[in-house]
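The primary structure of each chain is shown beneath.
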Amino acid sequence: MITNHEIQSLLEVLFPINRSLTGDGNRKTLEILSSIVPLNIYEVPSGTECFDWKVPEEWKVNSAKLTSPSGEIIADFSKNNLHLVGYSIPFSGKLTLDELKPHLFTLPEQPNAIPYVTSYYNKKWGFCITHELYLKLEEGLYSIEIDTELFHGSLTYADLVIPGKSDEEILLSTYICHPSMANNELSGPIVSIYLAKMLFEMGSLEKTIRFVFIPETIGSIVYLSKNLDHLKKNVSSGYVLTCIGDAGNFSYLKSRLGNSITDKITLKVLKDKQIEPETYSFLKRGSDERNFNSPLVNLGIGSLMRSKYTTFPEYHTSLDNLDFVNGKNLLESINLVYDCVMALVKNNTFISTVVGEPMLGKRGLYRTTSIKSDFGRNVLLDTLAFCDGQLDLFDIAEKAELHYLDVLHSAEILLQNNLIKLVK
């Protein structure tokens, strides 16, 4: 059984690691996750063409420090990896305050927060500090020492495929490219790896489950470039999992057309659980759902979150820390995503095997003595009544006005008693 303490421990181990589009931080993160469930880890060389993009150079940080004229250390990568602008090029020298200011980034509206800033595809350098500190900077010469390397290396990603009884796949994608941010970065991989552990230990399910751990945007493009034909042929549903560790209400961002089976089942499951999620259209997209739903891919997946990215003040700042996310919230999210995934796994189309209404009593599924209170709804019979080989279980739940999970349970009982069979 997965515990709050176990999840919290993993969160604390992963939090300090410096992740980016490439680099040893990503490799270390995947190595740690792979100790929970074995992952397949891949390296893609820098410069590899993938559709309209190229895999960038690998980035390595040895050290980075900004020192004031009086000797005060203003920013130090070793103290907080958000201090250095992502993919900063090497620089060593002294600048006046006016010369330095274009290289400094702050959040005036959040004066106590360090912002997260990157410059992946435009070679520059910079530091991120609190605005409160920025306002106190003195005139004079500042010492800058940025020891970084950009070189022909590789991009690292991982996946895990849990084979099912069917080739039909459910895709679960999350990203591993942000430094020390708990909700925007680590909640997705942590929920994914423990969900993978649960499903892996269950053995073969009705459908195949594919987990993907990638750097955001370029990672999904790389993954599609290597697996596009297979994914288009086999993936029927799935999620991007991100920002799912805070205490906020659950949120769901729909697929591009807004009517995929993932959209329908997810919103139905949440409704049945009396959760009223914040629901967003594809126009509010901002993560890897952009690529998985692009017109020539169109996998019909959604994004499952708690507080949606960009909507909470801690987003992309040092405030997205271990005080903002905890094991309890992550465990709640793991269980919720598990229910949604199992609803997708079990959503199939069945047809009755008997003519007319079957006799449930002789199968131990109904009282053999009739009483007045029996003349109400029977979920088994209501489910069976719509098993016509045309409607899937989601359609049945809608038409029979039943909770979707109740219909799933009824279908399992009917299947065990040979009263329905799967339509392939």
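Read on for a plain summary of the structure.

A closer look at the overall build of the protein chain
And step 1. The helix and strand tally for the protein chain stands at twelve helices and 19 strands.
And step 2. Projected onto its principal axes, the C-alpha coordinates of the protein chain cover approximately 95 × 45 × 35 Å.
And step 3. Within the protein chain, buried positions represent 55% of all 424 residues.
And step 4. Residue pairs at least 24 apart in sequence account for 81% of intrachain contacts in the protein chain once pairs closer than 6 positions are excluded.
And step 5. Accessible surface for the protein chain amounts to roughly 18,800 Å². Of this, 51% is attributable to carbon and sulfur atoms.
And step 6. Averaging the locations of the 40 positively and 51 negatively charged side chains of the protein chain gives two centres separated by 6 Å.

Quick look at the pairing of strand E10 (residues 154-162)
And step 1. Extensive coverage of E10 is indicated by the burial of eight of its nine residues.
And step 2. In the sheet, strand E1 (residues 40-45) pairs with E10 via six bridges, with the strands oriented antiparallel. Along E10, the bridge assignment pairs Val 44 with Leu 155.
And step 3. Here five bridges tie E10 to strand E12 (residues 208-214), and the two strands are oriented antiparallel to one another. By the bridge assignment for E12, Leu 160 is matched with Phe 211.

Quick look at a negative patch on the surface
And step 1. On the surface, a cluster of negative charge is made up of Glu 72, Asp 98, Glu 99, Glu 138 and Glu 139.
And step 2. Its place among the elements puts Asp 98 in helix H3 (residues 97-100).
And step 3. Accessibility expressed as a relative area gives 55% for Asp 98, which makes it exposed.

Observations regarding the nonpolar core
And step 1. By size, the foremost hydrophobic cluster in this structure holds 83 residues, and its most contacted members are Ile 209 and Phe 211.
And step 2. For this core, the leading source of residues is helix H9 (residues 327-346), giving eleven residues.
And step 3. In contact with Ile 209, other than residues within four places in its own chain, are Leu 160, Val 161, Ile 162, Ile 170, Leu 172, Leu 199, Val 341 and Val 345.
And step 4. Leu 97, Ile 146, Ile 221 and Val 297 belong to the second largest nonpolar core, which has 42 residues in total.

Observations regarding the pattern of salt bridges
And step 1. Under the definition given, this model contains 16 salt bridges.
And step 2. Shared partners join several salt bridges into a network, and the residues in it are Asp 24, Arg 27, Glu 43 and Glu 58.

Examining the sheet that holds strand E6 (residues 91-96)
The pairing of strands in a sheet happens through backbone hydrogen bonds and is either parallel or antiparallel.
And step 1. The four strands lie next to each other as E5-E4-E9-E6, forming an open sheet whose pairing is antiparallel. Every interior strand has two partners, whereas the edge strands, strand E5 (73-76) and E6, have only one. Taking each pair of neighbouring strands and ignoring which way they run, the sheet shows an average axis angle of 15 degrees.
And step 2. In the sheet, strand E4 (residues 58-67) pairs with strand E9 (residues 141-151) via nine bridges, with the strands oriented antiparallel. Paired with Lys 60 across the bridge in E9 is Glu 149.

So, helix H12 (residues 404-416)
Helical geometry: 3.6 residues make up each α-helical turn, so side chains three or four residues apart lie on a common side.
And step 1. In this model, H12 (13 residues) spans 19 Å end to end at C-alpha, consistent with the 18 Å of a helix rising 1.5 Å per residue.
And step 2. Where H12 is buried, its residues meet helix H7 (261-272), H9, helix H10 (379-385), helix H11 (393-399) and strand E19 (420-422).

A closer look at unusual backbone geometry
And step 1. Although it is not a glycine, Gln 274 adopts a positive phi angle of roughly 60 degrees.
And step 2. Tracing the sequence through the fold places Gln 274 in the loop between H7 and strand E15 (278-280).
And step 3. We note that Asn 418 has phi near 55 degrees; this positive angle belongs to a residue other than glycine.
And step 4. Following the sequence through the fold, Asn 418 ends up in the loop between H12 and E19.

Definitions and cut-offs
Residues numbered from 1 in each chain as written. Predicted model: local features only at pLDDT ≥ 70, side-chain atom pairs only at ≥ 80, totals over all residues. Heavy atoms only, no water. Helix = DSSP H or I, 4+ residues; strand = E, 2+ residues; numbered from the N terminus. Buried < 20%, exposed > 50% of the residue type's maximum accessible area, 1.4 Å probe, protein only. Contact = heavy atoms within 4.5 Å. Areas by Shrake-Rupley, 256 points an atom, 1.4 Å probe, with all protein chains shown as cover. Lys, Arg positive; Asp, Glu negative; His and termini not counted. Charge placed at Lys NZ, Arg CZ, Asp CG, Glu CD. Pairing = 2+ DSSP bridges. Patch = residues over 30% accessible without salt bridge, like charges linked within 9 Å, V, L, I, M, F, W, Y side chains within 5 Å. Salt bridge = Lys/Arg side-chain N within 4 Å of Asp/Glu carboxyl O. Core = buried A, V, L, I, M, F, W, Y, C linked by side-chain atoms within 4.5 Å. Axes fitted to C-alpha atoms, helices over the stretch in contact; angles between N-to-C directions. Expected span 1.5 Å × (residues − 1).

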